[in-house]
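# Reading the structure
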Amino acid sequence: MSRKEDILSRIRENIRKSYDMPDISRIKGIQYPDVIKQFEEISKTVGGKVVKAVPGEDINSIIKELYPDAKIFASNLPEITIASKNPDILEAHELNGTDVGIIKGQIGVAENGCIWIPQTMKERAVCFISEYLVIIISGKNIVNNMHEAYSRIKMNGYGYGCFISGPSKTADIAQALVMGAQAARGVTVIITE
Amino acid sequence: MSTQHTKAAKRFLHNADKAKWHDATFWSVRAKRDTMAMSLEEWEELRETASRIKKHTITHMDKYLEMFANNAEKNGTIVHWAKDADEFNDIVLKILRDHNVRKMVKSKSMLTEECEMNPYLEKHGIEVVETDLGERILQLMESKPSHIVMPAIHITQEEVGQLFEEKLDSEKDNYDPTYLTYCARMSLRNEFIESQAGMTGANFGIAETGEVVVCTNEGNADMSVAIPKLHIAAIGLEKVIPDYQSLSIFQRLLARSATGQPTTTYTSHFGKARPGAEMHIILVDNGRSSIIADSEHWETLKCMRCGACMNTCPVYRRSGGYSYTYFIPGPIGINLGMLRDKYKYTDNVSACSLCCSCDNVCPVKVNLSEQIYLWRQNLDSLGKADPMKKTMSRGMKTLFGHPALYNMALKFAPIANHAPRPALYNSLNAWGKGREMPKFAKESFQTMWKKGKIK
């Protein structure tokens, strides 16, 4: 008998009583009168910055203005013309030293500032290794809560996705909150139409 | 009557300022958790549903594990099964050797602590680098976590500063937490780039998709597997849940319960290896399949390791993580320790005042205090009951079983109020240590009732 079968059969023998799956659809998660406003507020609470793009405004110039000292930008988005590093071409470690990484978010969550980032580039390191991260998301894709978010998620071919809410943080030294533990030291969310 | 816990707690309390800070810090985390809980109308419904999903999943674990493993394999992940800690360690070593790995970065995993994986790999010549800041500090200090979510909480910034001066070449006498965090960041950047493998634990395994989900604030799990070409995920059998909709419930409860945050910064779904990389999942039993058969304690398997029971526990807050003899402290640690070895870890069961606060904050409703109570009831059958308490119990049985004797004792009890201090507060009286004894009333309720003093 394989180790797998061995373990599974022991589990089968040891189960004494069986419980039914509860009806999860009954749960109505928190709702907000204005999801974008709530999303903006909570994003600030978790240490992020939010910028609303005016229709027609060039995203590149918004980013340049937000990070005037940044020299190296990384992105595989065709509209990001300031990028000199491309995560579709480079190896993961070559993305180290990136000042600002620019990626696209698919779903924003108003209750906790989470943004669903499906992997859409060869090296997902760009989402974590960059000193600062810019996430572009459409205001139309902001939902109330995690139940709504998860009901929309379908994993793509890369088989990886991540909710990100604000910058990397830690309080491991004397409970003092510090932004920028191992990943992005700051996150700006640009909300487009 | 002193247990290992009381002796260690006494040492912890010796530094009164630090003990006070410890207590207040965890109480503030508990308060933050309350604020989060109260901000959601559906909070209690979430807890109840989470508990029921776990009960369902655990009692159908064979089915969900098979589904999880099949879907993970469809994603191209290599799935391994380990009966116990030794098998787990062997599997990890074999994978690492097959890939010529000399150094591995890893994110926090209580399972690898449970299996004592790091010393095993190091013995076989593989360097393991912890990447969670708290865990890294402890690794450099050659010390162990004192809490499962805030592992280095008991270490002061001065101690971290002095450690980094020696190990990471930081500035002398600079104890600023921001500065020290950046020093660790710089040093760990090199480790991420130099390592040939990355290991993560798992907060959840999703049966429907075969994904491993990891929640961190630092982003260290993602960093650990975004650069090396080999990802090994270690997951306990009980971490598998049915689907995304179930996950939405646990995700909403986890960080709010653990640290009082609305979410962790990162909730990462690892379904497939990166292009050109390889992903392995190791499913670890190590006693879990037997716990299912334990009618009194199987619900311990519902635990998702948020640490809320520790933060609220008056005994944990005032005695610290190192007072417990099992590597997981607090209410859940008492129970997990007893399930691991009920002879070895009995000292911890007395580290509970049965206030039941843990039961009321647990996001998946593990009946923690009830289980501790049950373990205590069984101490005598394990041959672990305290002989002094047993003698006293026999004495009390005689006293309460003989009304005349009881009334006589009650009549003379107030004499103790006037006894000289050394007669009452001495090594024979455990209740007189660190606290004042209650005063006996001059007259008993029964006497007052008979005299008509009570209407």
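Throughout this document, residue positions are counted from 1 along each chain, in the order its sequence is written. Think of it this way: whatever chain is written first is A, whatever ligand is written first is 1, and the rest follow in order. Whole-chain, interface and lining totals are the exception, using all residues; otherwise, since this is a predicted model, local features are given only for residues with pLDDT of at least 70 and side-chain atom pairs are given and counted only at 80 or more.

This next bit is on the overall build of chain B. If you tally the helices and strands in chain B, you get 22 helices and 10 strands. Taking the principal axes of its C-alpha atoms as reference, chain B extends roughly 90 × 55 × 45 Å. Residues with at least 20 other C-beta atoms within 10 Å of their own are called buried, those with 12 or fewer are called exposed, and the rest are partly exposed. The C-beta atoms themselves are positioned from the backbone. The buried share of chain B, reckoned over its 455 residues, is 49%. Taking contacts inside chain B between residues at least 6 apart in sequence as the whole, the part at least 24 apart equals 74%. Starting at the N terminus, helices and strands are each numbered in turn, a helix being any DSSP run of H or I of at least four residues and a strand any DSSP run of E of at least two. Note on contacts: residues are paired as contacts if their backbone-placed C-beta atoms lie within 7 Å.

To continue, consider the domain arrangement of chain B. Frequently, the measure chosen for interface size is the accessible area that the parts lose on association. Where each domain starts and ends comes from a domain assignment, either automatic or drawn from a database. Looking at chain B, the domain boundaries give domain 1 (4-30 + 296-377), domain 2 (40-289) and domain 3 (387-450). One C-alpha centre belongs to domain 2 of chain B, the other to domain 3 of chain B, and the line joining them spans 53 Å.

Our focus in this paragraph is the environment of Leu46(B). Mapped onto the elements of the fold, Leu46(B) is located in helix α3 (residues 43-58). Setting aside chain neighbours within four positions, we find Leu46(B) in contact with Ile27(A), Ile249(B), Arg252(B) and Leu253(B).

Here we take up the pairing of strand β11 (residues 186-192) of chain A. Residues and elements named next belong to chain A. For β11, the buried fraction is high: 6 of the 7 residues fall into the buried class. One bridge is not enough; two strands pair if DSSP finds at least two bridges between them. Two elements, strand β1 (residues 49-52) and β11, share 4 bridges in a ladder whose sense is parallel. Paired with Lys52 across the bridge in β11 is Ile191. Both strand β6 (residues 132-138) and β11 contribute to a ladder of 7 bridges, which runs parallel. Residue pairing in the sheet places Ile137 in a bridge with Ile191 of β11.

All right, on to the sheet that holds β1(A) then. Residue and element names in this part refer to chain A. An order of β1-β11-β6-β3-β2 is seen for the 5 strands of this open sheet, with the pairing classed as parallel. For this open sheet the edge positions go to β1 and β2 (73-74), each flanked by a neighbour on one side alone. Bridge analysis of β2 against strand β3 (residues 100-104) gives 2 bridges, and the strand direction is parallel. Considered in β3, the bridge of Phe73 is made with Val100. Think of each axis as a best-fit line through the C-alpha atoms, taken over the contacting stretch in the case of a helix, with angles from 0 to 180 degrees between the N-to-C directions. Sitting on the sheet, helix α3 (residues 59-66) is in contact with β1, β3, β6 and β11, with an inclination near 150 degrees to β11.

Moving on, we come to the interface of chain B and chain A. Counting from both sides, the interface comprises 72 residues of chain B and, opposite them, 61 residues of chain A. Note that Gly is not counted as nonpolar here; it falls among the polar residues with everything else outside the nonpolar set of Ala, Val, Leu, Ile, Met, Phe, Trp, Tyr, Cys and Pro and the charged set of Asp, Glu, Lys and Arg. Each residue belonging to the side of chain B that touches chain A can be placed in one class, and the counts come to 27 nonpolar, 29 polar and 16 charged.

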